[in-house]
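One-letter residues, chain by chain:
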Amino acid sequence: MMNTSKNNRLFSPIQLGATGLKHRVVMAPLTRSRSLQPGSIPGDLMLEYYTQRTSDGGLIISEAAQLSLGTSGWQGAPGMYSDAQIDGWKTIVDAVHAKGGYIFAQLWHPGRFSHASLTGGAMPVSASVDPEYWQNPSRLISTPNGWMQPSPHRALEKSEILGVLEEYGKAVKRVRSAGFDGVEVHAGNGYLIDQFLQDGSNKRTDEYGGSIDAWANDRVGVRITPSGTFNAMADSDPEALHAHVAEGLNRFGLAYLHIIEPRMSGYLLIKEDQPPLATRRARQVFKGNIIANGGFEPDSAAAAIEQGDADAISLGRYFVSNPDLPRRIREGLPLAAYDRDTFYTFEAKGYIDYPFYNSAVDAGDLVTARV
Ligand SMILES: Cc1cc2nc3c(=O)[nH]c(=O)nc-3n(C[C@H](O)[C@H](O)[C@H](O)COP(=O)(O)O)c2cc1C
């Protein structure tokens with residue numbers, strides 16, 4: 001059983017900017033490809049999925065939502081740009097609020113991680129051009145025609161960059177109109193902002209070379225991946241870069257900084273025994289709340305809070321397979337195993353059919369959390 005004194009702080013309240021939570025087990029953003037097509041509209045399946053995963057006073061960060069058709073990067077990922085999408089999101093947000101939960105929307109510009117069949121024919125954009133990125137046969141994206149290598153991309157013109165920021169601005173307005181509690185800017189995992197941040201992908205010589213500008217308030221979180229290598233990312237000095245980013249974000253008074261540990265590569269844990277290094281480093285320079293993510297188990301989540309490494313912990317894969325994850329952790333119950341094969345399929349199977357603990361009848365499907 002979970003050591004309850006260790007667990008106390010994981011289940012103590014925390015104020016993240018304007019949002020007051022009753023506990024610190026956060027649902028990490030998870031792309032699950034179940035929006036209605038055509039139109040990338042959140043529908044009944046998504047409503048059921050998010051409702052299932054809502055806990056009283058708990059925070060959900062939505063799956064990555066696309067800013068516009070032209071910036072789409074994944075078949076089945078929902079959008080944040082059409083009226084029908086906003087109506088769909090509203091229903092979900094209302095259901096989360098009705099169960100006492102909170103939900104931030106994650107906004108996502110995939111940059112070069114895209115395919116012209118997803119964008120209405122538009123060529124993907126990035127900070128600089130790197131043909132190796134689209135030529136590598138091991139890099140695949142879910143498209144309307146199955147898994148495909150990304151399309152060739154081009155570098156954003158300097159004059160276009162303001163337009164991208166405007167797209168973010170419009171999407172934030174839509175997030176607000178759908179009733180979300182806040183917004184998370186995805187600046188990690190090798191997507192557009194990360195492509196601008198790191199010099200492995202940013203070879204620009206203009207003022208956008210190697211640096212970004214951000215905007216924020218107490219309903220904005222930012223997600224970064226310090227020293228992460230997922231999605232072909234590299235920087236010549238990742239520690240200095242991300243210390244600089246974390247320090248630079250201090251002046252915005254963010255709701256939180258969300259850090260993915262480098263022991264993760266996408267959804268694979270690549271360094272089992274590595275402690276939460278990136279979170280500890282950021283703690284030294286970032287003055288606000290930190291949500292740590294990546295490879296946490298119930299016991300290591302409790303320990304990270306107890307030791308003061310982070311203020312909250314987000315979990316991804318365990319939320320896929322445990323709709324009642326906060327309760328299971330709080331009560332030291334076994335956790336159900338997830339099925340990777342249905343992460344990115346398009347139906348109810350592997351999405352809304354993971355049982356709540358009380359209805360779990362087959363103990364053979366359960367893995368006991370290492371507590
Ligand atoms: C199926 C799946 C989809 C994901 N989609 C997103 C996403 O939309 N946005 C994001 O920032 N991270 C995404 N991630 C990464 C997770 O948020 C998280 O960083 C990762 O799963 C590590 O946390 P964990 O060890 O608790 O699973 C995804 C991960 C998985 C498994």
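Residues numbered from 1 in each chain as written. Predicted model: local features only at pLDDT ≥ 70, side-chain atom pairs only at ≥ 80, totals over all residues.

## Overview of the overall build of the protein
Basically, it comes down to this: Only DSSP runs of H or I reaching four residues or more are called helices, and only runs of E reaching two or more are called strands; each is numbered from the N terminus. What the globule rule says is 2.2 Å times the number of residues to the power 0.38, and the radius of gyration is computed from C-alpha atoms. Here a residue counts as buried when 20 or more other C-beta atoms sit within 10 Å of its C-beta, as exposed when there are 12 or fewer, and as partly exposed otherwise, the C-beta atoms being derived from the backbone.
When helices and strands are tallied, the protein shows 11 helices and 18 strands. Relative to the 2.2 N^0.38 estimate, which gives 21 Å for 371 residues, the radius of gyration of the protein is 19 Å and therefore close to what a compact globule would have. Over its C-alpha atoms, taken along the principal directions, the protein stretches across nearly 55 × 45 × 40 Å. Taken across its 371 residues, the protein has 47% of its residues classed as buried.

## Examining the confidence of the model for the protein
Here is the rule we go by: Confidence scores per residue from the predictor, reported as pLDDT, run from 0 to 100. What counts as a contact is two residues whose backbone-derived C-beta atoms lie within 7 Å of each other.
With 93% of its residues at a pLDDT of 70 or more, the protein has an overall mean of 92. When the criterion is pLDDT under 50, residues 1-5 qualifies, and its contacts beyond four places in sequence or with other chains add up to 6 contacts. Note that pLDDT drops below 50 for residues 211-216; the model gives that stretch 10 contacts with residues more than four away or on any other chain.

## As for the site of the ligand
In plain terms, the rule: Any residue qualifies as near a molecule or strand once its backbone-derived C-beta atom lies within 6 Å of it. Following the grouping adopted for this structure description, the nonpolar residues are Ala, Val, Leu, Ile, Met, Phe, Trp, Tyr, Cys and Pro, the charged ones are Asp, Glu, Lys and Arg, and the polar ones are all others, Gly among them.
In the vicinity of the ligand there are 21 residues, among which A28, A64, Y267, G316 and R317 approach most closely. In terms of residue class, the shell around the ligand is built from 10 nonpolar, 8 polar and 3 charged.

## A word on the environment of S72
Relative to the elements of secondary structure, S72 occurs in the loop between β4 (59-66) and α3 (83-98). The class for S72 is buried, based on 25 C-beta atoms found within 10 Å. Between the C-alpha atom of S72 and that of T119, which follows or precedes it by 47 residues, the distance is 5.4 Å. Here S72 is in contact with Q66, A77, S114, L118 and T119, once residues within four sequence places are set aside.

## Topic: helix α7 (residues 238-249)
The criterion, for reference: Multiplying one less than the number of residues by 1.5 Å gives the expected span of a helix. Summarising the geometry, the arc corresponds to the directions from the helix axis toward the C-beta atoms.
Compared with an ideal rise of 1.5 Å per residue, which puts 12 residues at 16 Å, α7 spans 16 Å between its outermost C-alpha atoms and is within 8% of the ideal. Buried within α7 we find P238, H242, V245, A246 and L249. For α7, the angular spread of the buried residues around the axis is 95°, confining them to a single face. Where α7 is buried, its residues contact α6 (192-197), β11 (220-224), β12 (256-260) and α8 (277-285).

## Concerning the nonpolar core
Formally: Note on terminology: a nonpolar core is a set of buried residues of type Ala, Val, Leu, Ile, Met, Phe, Trp, Tyr or Cys, with members joined through C-beta atoms within 7 Å.
Ranked by internal contacts, the top residues of the largest apolar core, which has 89 residues, are V26, L107, V183, L257, I290 and I313. Examining the composition of this core, we find that 6 residues originate from one element, strand β5 (residues 102-108), more than from any other. Once residues within four sequence positions are removed from consideration, I313 is found in contact with R24, V25, V26, I291, A292, F296, A301, A304 and I305.

## Structural notes on the packing of α7 against α8
Here is the rule we go by: For helices, the fitted line uses only the C-alpha atoms of the stretch in contact; every axis is such a line through C-alpha atoms, and the angle between N-to-C directions lies from 0 to 180 degrees. An angle below 35 degrees is treated as roughly parallel, one above 145 as roughly antiparallel, one from 65 to 115 as roughly perpendicular, and anything else as oblique. With the far helix as reference, a near helix turned anticlockwise by less than a right angle produces a left-handed crossing, and one turned clockwise produces a right-handed crossing.
In the contact formed by α7 and α8, the axes pass within 9 Å of each other and the chain directions differ by 45°. In terms of axis orientation, α7 runs oblique to α8. The crossing of α7 and α8 is right-handed. Residues E239, A243, A246 and E247 of α7 lie in contact with α8, whose contacting residues are R281, A282 and V285. Grouping the amino acids of the contact of α7 with α8 by side-chain chemistry returns 4 nonpolar, no polar and 3 charged.

## Remarks on the pairing of strand β10 (residues 182-186)
The criterion, for reference: The pairing criterion is simple: DSSP has to find at least two bridges between the two strands.
Taken across its 5 residues, β10 has 5 buried, putting it largely inside the fold. Here β10 shows two buried faces, one formed by G182, E184 and H186 and the other by V183 and V185. Bridge count between β5 and β10: 4 bridges; the pairing is parallel. Among the inter-strand pairings, Q106 is bridged to a residue of β10, identified as E184. Summarising the sheet, β10 and β11 pair through 4 bridges and their orientation is parallel. Residue pairing for β11: H186 is matched across the bridge by R223.

## What about helix α5 (residues 158-177)?
Note on helix geometry: an α-helix contains 3.6 residues per turn, so any two residues three or four positions apart are oriented the same way. Its 20 residues give α5 an end-to-end C-alpha distance of 30 Å, which sits within 8% of 28 Å, the value for a rise of 1.5 Å per residue. All buried positions along α5 are accounted for by A171, V172, R174 and V175. Down the axis of α5, the buried set is contained in an arc of 165°. They therefore lie on one face. Across α5 from its buried face, at more than 90 degrees, point the exposed residues S159, L162, G163, L165, E166, G169, K173 and S177. Its buried side turned inward, α5 meets α3, β5 and β10.

## Notes on the environment of P276
Among the secondary structure elements, P276 is positioned in the loop between β14 (268-269) and α8. Here P276 falls in the buried class, since 27 other C-beta atoms lie within 10 Å of it. On a C-alpha basis, the gap between P276 and R53 in space is 25 Å, while along the polypeptide they are 223 residues apart. Contacts of P276, omitting those with residues within four sequence positions, involve E261, A292, A304 and D309.

## What to know about the packing of helix α2 (residues 44-52) against α3
Interhelical geometry of α2 versus α3 gives an angle of 20° and a closest axis separation of 9 Å. In terms of their interaxial angle, α2 and α3 are classed as roughly parallel. For α2 against α3, the interelement crossing comes out right-handed. Between α2 and α3, the contacting residues are M46, L47, Y50 and T51 on the first element and T91, I92, A95 and V96 on the second. Across the contact of α2 with α3, the residue classes tally to 6 nonpolar, 2 polar and no charged.

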